[in-house]
Amino acid sequence: MNLAVIGSGGREHALCYKLQQSKKLGKLICIPGNAGTEKIAKNIDVNIRDFEEIYKIIKKNNIDMVVIGPEEPLVNGITDYLKKKSVRVFGPDKFASQLEGSKAFMKNLCKKNNIPTAGYGIFNEWDEAKKFIDKIGVPIVVKADGLAAGKGVTVCQTLGEAKIKTKEILSGKFRSSRLVILEEFLEGEELSYFTIVDRNSYHFFGSAQDHKRVGEGDVGPNTGGMGAYSPARLLTNDLEKKIKKKIIEPTLQAMKDFGHPYEGFLYAGLMIKDEEPYLIEYNIRMGDPECQVLMMKLKTDLLEILDYATKNNLNDLDIQWDNNECITIVLCANGYPGDYLKNKEIKNLSKIPSDRKNQIFHAGTYKKNNKIFSNGGRVLNSTCIAETLEKAKKQSLVALEKINWNDGFFRKDIGWRAIKKNEDNKR
Ligand code: AMP
Ligand code: GLY
């Protein structure tokens, strides 16, 4: 089969890496890809907002299936567009993509179906929003309704900050929507829970814990993700049963009732408190950097999984995972998540081992004159799998130290909660 992967991040490099291991793979193209995907797929540089151009490339390259990595084209309806032209696509349609594309849609769906989530209000004007902020007090979470590339959420510790953030959203700071969602602050520990869904069934597709804050000890502004590990320590059998019954299943049923059954990866961002799950957000795709760790742990042929899913046959498939522990640490360009350095050469990559246990997944990179340069905030993902998380982390840090990129930085404490728990258990 010939496949196309849409996107250019670490997630897409990891998807290409896994697809390349399939004996059933013919041609693999990545649109637009990065310097990492270039080594294992054919990169084609097209704007991923230009669906017509993407369709032309798919036809020209005899592509049998398209896998959509990022949320933006999904929310803008790429699946509907390509399916109308009889292209096989893995990813939800435009309506179902509102689960991520509109926080108001997601929160209302939770309310209607009794899905546990933080208490909230949705506002399109200042007076009512202000009253709500004064009523709930702080901490309070202020969210833009639409896509905001991870920048639309602020956990506010003062009423003043909450009011400033609310006004910014109401006055159109985020072009995707002027609605503001104000939420109660949920205490607890976060967990990312992944599923793969077709019209007839869904499967668990891994768990992970992400580190969204830029600084060690989880401080500073939010980012797209500074690193992740899998499996998440928090996930027990009992908790998983609750997640499925209280959150995933009612959501999938609600989408069916809307006449838009969910199809694709569905990633639930959860807060766990006293062994109870609360939905913070849905993502309608794989996580980035979570995908990087999950692809190292996945044993079953990814192409086969996607083939079954797009034929609504997931029920017939057993998905197998490596039991070892996996970590990815993100190397970022100096300045990220604010304005960051660009076009800086990265040397030493050839010194790093590349095998089934150690991978450098590229994100914001490109190749020119046989040299690798950065062009994104998140640049590389040092991803390692080993018998213990501690060992995997060590391997990943050794690789980053060898790369020794002066124009970038990374967090040395990814996985700290799980590592601390392991240490406490030893005592
Ligand atoms: P979101 O984009 O909705 O996932 O929000 C980004 C991050 O903000 C989450 O990963 C949480 O760390 C935090 N967050 C969002 N909503 C809440 C909430 N209601 N209570 C506590 N933290 C939250
Ligand atoms: N790592 C968070 C996300 O993919 O949304």
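Bear in mind that the values here come from a model prediction, so they are computed numbers and not experimental data. (Residues numbered from 1 in each chain as written. Chains lettered and ligands numbered in written order. Predicted model: local features only at pLDDT ≥ 70, side-chain atom pairs only at ≥ 80, totals over all residues. Heavy atoms only, no water.)

Participant: So, the site of ligand 2: which residues are in play, and what are the values?
Facilitator: Close to ligand 2 lie D210, G224, Y267, N283, R285, G287, D288, P289 and E290. Between ligand 2 and D210 there is a distance of 2.8 Å, counted from a nitrogen atom to a side-chain nitrogen or oxygen. Here an oxygen atom of ligand 2 and a backbone polar atom of D288 are 3.0 Å apart. With the chains in place, 91% of the 200 Å² that ligand 2 exposes on its own is no longer accessible. Of the residues in the shell around ligand 2, the class split is 2 nonpolar, 3 polar and 4 charged. (Near = heavy atom within 4 Å. Polar contact = N/O pair within 3.5 Å; in protein donor to acceptor, adjacent residues only side chain to side chain. Areas by Shrake-Rupley, 256 points an atom, 1.4 Å probe, with all protein chains shown as cover. Nonpolar A, V, L, I, M, F, W, Y, C, P; charged D, E, K, R; others polar.)

Participant: Tell me what's going on with the packing of helix 1 (residues 10-19) against helix 12 (residues 302-310), and back it up with residues and numbers.
Facilitator: Between helix 1 and helix 12, the least distance of the axes is 7 Å, while the angle of their chain directions is 100 degrees. Between helix 1 and helix 12, the crossing angle belongs to the class labelled roughly perpendicular. In contact with L15, K18 and L19 of helix 1, helix 12 contributes L302, L303 and L306. (Axes fitted to C-alpha atoms, helices over the stretch in contact; angles between N-to-C directions. Helix = DSSP H or I, 4+ residues; strand = E, 2+ residues; numbered from the N terminus. Parallel < 35°, antiparallel > 145°, perpendicular 65-115°, else oblique. Contact = heavy atoms within 4.5 Å.)

Participant: Describe the sheet that holds strand 2 (residues 28-32), with residues and values.
Facilitator: Here we have 5 strands laid out as an open sheet, ordered 3-2-1-4-5, and parallel in their pairing. Both edges of this open sheet fall to strand 3 (42-43) and strand 5 (89-90), since each of them pairs with a single strand only. Sheet analysis places strand 4 (residues 65-68) next to strand 5, joined by 2 bridges and oriented parallel. Opposite V66, over in strand 5, you have V89 as the bridge partner. (Pairing = 2+ DSSP bridges.)

Participant: Provide a residue-level description of the pairing of strand 20 (residues 365-368), including the pertinent values.
Facilitator: Residues in a regular strand project their side chains so that they alternate between the two faces of the sheet. Alignment of strand 20 against strand 21 (residues 371-374), held across 4 bridges, turns out to be antiparallel. The partner of T365 across the bridge, within strand 21, is S374. Counted along the chain from strand 20 to the antiparallel partner strand 21, the turn is 2 residues long, and its residue N369 has a positive phi close to 50 degrees.

Participant: Quick rundown of the pattern of salt bridges? Include the residues and the values.
Facilitator: A side chain with one charge can pair with a side chain of the opposite charge if their charged atoms come near. Across all of its chains, the model carries 29 salt bridges by this definition. One salt bridge connects E71 with R285, and the closest N-O pair in it is separated by 2.9 Å. Remark: R285 occurs in the loop between strand 16 (276-283) and helix 11 (290-297) and E71 occurs in helix 4 (residues 71-75); sequence separation between them is 214 residues. Take E71 and R285: they sit in the same class, and that class is buried. With a shortest N-O distance of 3.4 Å, R417 and D218 are connected by a salt bridge. (Salt bridge = Lys/Arg side-chain N within 4 Å of Asp/Glu carboxyl O. Buried < 20%, exposed > 50% of the residue type's maximum accessible area, 1.4 Å probe, protein only.)

Participant: Quick rundown of the sheet that holds strand 21? Include the residues and the values.
Facilitator: Strands sit in the order 18-21-20 across an open sheet of 3 strands; the sheet is antiparallel. The sheet terminates laterally at strand 18 (345-346) and strand 20, the two strands that pair on one side only. Two elements, strand 18 and strand 21, share 2 bridges in a ladder whose sense is antiparallel. Paired with E345 across the strands is F373, a residue of strand 21.

Participant: If you had to explain the site of ligand 1 to someone new, which residues and values would you point to?
Facilitator: With respect to spatial proximity, 14 residues lie near ligand 1, and among them E183, E184, L186, E190 and E281 are the closest. Between ligand 1 and the protein, one listed contact pairs an oxygen atom with a side-chain N or O atom of K103 at 3.2 Å. One of the side-chain N or O atoms of K143 is found 3.0 Å from a nitrogen atom in ligand 1. In isolation ligand 1 exposes 470 Å². Once the protein is present, 90% of that is buried.

Participant: Any details on the packing of aromatic side chains? Residues and values, ideally.
Facilitator: In the structure shown here, the tally under the stated rule is 13 aromatic pairs. Ring centres 5.1 Å apart and planes at 75 degrees place the aromatic pair F205 and W321 in the edge-to-face group. Taken together, the positions of F205 in strand 11 (residues 202-210) and W321 in the loop between helix 12 and strand 17 (325-333) put the pair 116 residues apart, joining distant regions of the chain. Across the pair, exposure class does not vary: F205 and W321 are buried alike. Grouped by ring-pair contacts, the aromatic residues F90, F205, F265 and W321 constitute a single cluster. Between the NZ or CZ atom of K85 and the centre of the ring of Y55, over which it lies, the distance is 4.9 Å. Of note, K412 hangs over the ring of F410, and the distance from its end group to the ring centre comes to 5.2 Å. (Phe/Tyr/Trp six-rings, centres within 6.5 Å; stacked < 30°, edge-to-face > 60°. Lys NZ or Arg CZ within 6 Å of the ring centre and 35° of its normal.)

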